[in-house]
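Each chain is listed here by its residues.
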Amino acid sequence: MTTRPSLGLQTRLLLAFALLCVVTAAAVAGGLYVQARNDILQRTQDATVQAMRSRLQALYPLRTPAPGPDELDDIATAVPDQNGVEFAVAVYREMYSPVAPPGRLRPGGRVLASELGVISPKLRQMVADGNIAWQRVVREGVPWLIIGTPLLVVEGDRTTRVSGIEVYAARSLIAEQRSIDELAVRAWLIGVAALAFAVVLASLATRGVLRPVRELGRAARLLGQGELRTRITVHGSDELAEVAHTFNNTAAELERHVKQLREMEADARRFVADVSHELRTPLAALTAVADILDEEAARLPEPAGRAARLVSQETLNLTALVNDLIEISRFDSGVAALALNEVDVAELVSATLRVRGWTEQVHTDLPPAVTTRLDPRRVDVILANLVGNALRHGQPPVTLHLTADPHWITFQVRDHGPGLDEAVLPHVFDRFYKASAARTRSEGSGLGLAIARENARLHQGDLTVTNAPDGGALFTLRLPRRADAPDGGPE
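Residues numbered from 1 in each chain as written. Predicted model: local features only at pLDDT ≥ 70, side-chain atom pairs only at ≥ 80, totals over all residues. Heavy atoms only, no water.

(A) Main features of the packing of aromatic side chains. In this structure the tally under the stated criterion is one aromatic pair. An angle of 90° between the planes, with centres 6.3 Å apart, marks the rings of Phe429 and Phe475 as edge-to-face. In this pair, Phe429 is assigned in the loop between strand 10 (408-414) and helix 10 (448-458) and Phe475 in strand 12 (residues 473-480), connecting sequence segments 46 residues apart. Overall, the relative accessible area of 9% leaves Phe475 in the buried class. A cation over an aromatic ring shows up here: Arg453 above the ring of Phe429, its NZ or CZ 4.1 Å from the ring centre. The aromatic ring of Trp408 is capped on one face by Arg478, whose charged end is 4.0 Å from the ring centroid. (Phe/Tyr/Trp six-rings, centres within 6.5 Å; stacked < 30°, edge-to-face > 60°. Helix = DSSP H or I, 4+ residues; strand = E, 2+ residues; numbered from the N terminus. Buried < 20%, exposed > 50% of the residue type's maximum accessible area, 1.4 Å probe, protein only. Lys NZ or Arg CZ within 6 Å of the ring centre and 35° of its normal.)

(B) Examining the pairing of strand 11 (residues 462-467) more closely. Relative to strand 12, strand 11 runs antiparallel, the two being bridged by six bridges. Each bridged residue has a counterpart across the sheet, and for Leu463 the counterpart in strand 12 is Leu477. The hairpin formed by strand 11 and strand 12 contains five residues between the paired strands, and Gly471 there has a positive phi angle of roughly 105°. (Pairing = 2+ DSSP bridges.)

(C) The arrangement of the packing of helix 8 (residues 345-355) against helix 9 (residues 376-393) in detail. Taken N-terminus to C-terminus, the directions of helix 8 and helix 9 make an angle of 55°; their axes are 10 Å apart at the nearest point. With respect to each other, helix 8 and helix 9 are oriented oblique. Handedness of the helix 8/helix 9 crossing: right-handed. On the side of helix 8, the interface is formed by Leu348, Val349, Thr352 and Leu353, while helix 9 contributes Pro376, Val379, Asp380, Leu383, Ala384 and Val387. When its residues are assigned to classes, the contact of helix 8 with helix 9 shows eight nonpolar, one polar and one charged. (Axes fitted to C-alpha atoms, helices over the stretch in contact; angles between N-to-C directions. Parallel < 35°, antiparallel > 145°, perpendicular 65-115°, else oblique. Left-handed = near helix turned anticlockwise from the far one by under 90°. Contact = heavy atoms within 4.5 Å. Nonpolar A, V, L, I, M, F, W, Y, C, P; charged D, E, K, R; others polar.)

(D) Molecular detail of the nonpolar core. Val349, Leu400, Ile409, Phe411, Phe475, Leu477 and Leu479 are the most contacted members of the largest nonpolar core, which has 37 residues in total. Mapped by element, the contributors of at least two residues to this core are helix 8, helix 9, strand 9 (398-404), strand 10, helix 10, strand 11 and strand 12. In terms of residue count, helix 9 provides more of this core than any other element does, seven residues in total. Apart from the residues within four sequence positions on either side, Leu479 is in contact with Leu374, Val379, His407, Trp408, Ile409, Phe411, Ala456, His459 and Gly461. Of all hydrophobic cores here, the second largest spans 19 residues; its members include Val49, Val79, Ala88 and Ile180. (Core = buried A, V, L, I, M, F, W, Y, C linked by side-chain atoms within 4.5 Å.)

(E) Local environment of the sheet that holds strand 7 (residues 362-365). Pairing is mixed across the open sheet formed by five strands, whose spatial order is 7-9-10-12-11. Two strands bound the open sheet, and with one partner strand each, they are strand 7 and strand 11. The sheet shows a mean angle of 15° between the axes of neighbouring strands, taken without regard to direction. When strand 7 meets strand 9, the two strands line up parallel, connected through four bridges. Paired with Val362 across the strands is Val398, a residue of strand 9. Across the sheet, helix 8 lies against strand 7, strand 9 and strand 10, angled at about 30° from strand 10, the strand it touches most.

(F) Quick look at the pattern of salt bridges. For the coordinates displayed, the defined rule picks out eight salt bridges. Two residues, Glu255 and Arg229, come together in a salt bridge whose shortest N-O distance is 3.8 Å. Remark: Arg229 occurs in the loop between helix 5 (174-224) and helix 6 (239-296) and Glu255 occurs in helix 6; sequence separation between them is 26 residues. Among the salt bridges present, the one from Arg457 reaches Asp462, with a minimum N-O distance of 3.9 Å. On the basis of relative accessible area, Arg457 is assigned to the partly exposed category, the value being 45%. One continuous salt-bridge network, built from bridges that share partners, spans Arg229, Arg231 and Glu255. (Salt bridge = Lys/Arg side-chain N within 4 Å of Asp/Glu carboxyl O.)

(G) Spotlight on the side chain of Asp375. Checked against the element boundaries, Asp375 lands in the loop between strand 8 (371-374) and helix 9. Judged by its relative accessible area of 4%, Asp375 is buried. Excluding residues that lie within four positions of it along the chain, Asp375 makes contacts with Ala337, Leu338, Ala339, Leu340 and His459.

(H) Spatial organisation of the confidence of the model for the protein. Residues with a pLDDT of 70 or more make up 82% of the protein, whose mean pLDDT is 77. Taken as a whole, residues 99-115 scores under 50 in pLDDT and shows 27 contacts with residues more than four places along the chain or in a different chain. Every residue in residues 437-441 scores below 50 in pLDDT, and together they form five contacts with partners more than four places removed in sequence or on other chains. (pLDDT = per-residue confidence, 0-100.)

(I) Spotlight on the packing of helix 9 against helix 10. Remark: helix 9 packs on helix 10, axes separated minimally by 9 Å, with the N-to-C direction vectors making an angle of 145°. When you trace helix 9 past helix 10, the crossing you get is left-handed. Within the contact between the two elements, helix 9 uses Arg378, Val381, Ile382, Asn385, Leu386 and Asn389 and helix 10 uses Gly448, Leu449, Ile451, Ala452, Asn455, Ala456 and Leu458. For the contact of helix 9 with helix 10, the class distribution of residues is eight nonpolar, four polar and one charged.

Encoded structure:
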């Protein structure tokens, strides 16, 4: 399964800062834009209404309460001024002023004045009900503010409405629209400038934050590679500095504990090696005595003979254990070396089986004329251990199969018993590990397979184990055709 490459922390921080800036700038600029737009339009509307009222008051009193076209045209002509209303239309029942003031019309103005359809029915109804109302419309690309009001007449201290007369005034909003557009452009420019400023600040901030993080990551990688003296330079006294202090303290403690463990491990290996070497001399004497006891056991009375045979067998087991411990100590101390020779592999395997009397018990498949360069003694130890385990703990038939290619040779040793438990497989090559508690007092030391794998790895090969599909444990030894002596060891 492939994973998509994720964005780096610096990129994500920059995107977060940029997004925050965009959202904040958009919210602030948008709010200011809406507020300014509403204020501009409201002031324009209020100023137009006030100017319209002032102009209409100059008409009182009317010559007749039922005006005709001329009176309606006088009313419409009186409403426009130089700075506010551009033209107006007066309506009385089904009549409206037929003429707009000369020189006051812009393109589309006469159409607007002559077509009452541009005035919504809702606006007309509100004006007919005695209210001052307004609406904004766009006519041929030009924004207009249309204000409608009933014509009011002041009589003494009373204000009354002349029945049925409505006045609608139109004012162009082009200037206001330009101001609003300029506000929008400025808002965009401010947002872009704020975004650029935020990106610069975010870059500086992330650089300051990520520098110690990168240093921490580099130090952690070195520590994981075994560089226990790795430390981080502490800058400042913030949270990142505290993390650096914690890392340095942890690394120091880890170095101290690892040093102690290595010293303990070296002491343990040295102790095992020293004890094993010291035991060789008395074991040599015990072995000589055990050989004599073994020869005389048949002529001794039964309890004494059985004891003699037991002493002889345990002496042999102890000798094998000491030899295995000495061999393990050589691997641990790195002094184990290969004595390489060009050998015929089939002859080597046949000799291994013949010396131990296993020729009739093991079925072999050995292609002839397979030669390779290896250490025959160590390969003999490996094969003897694998075949011996199969004969002791497995079930017949035991097979040994050899295959070769130009670069590798492979041995497969298999029995036909029940195989190994799945929980046992990962520990087969562990030192002193025995798969069954019943085998704790067997002749094996629990070091044979560990030594076998160390010998395989000394050849730059490997030894693995699994269960065969149709039953039985299957050990696979894989060795290079041309092994090299490690670290310039003897050949």
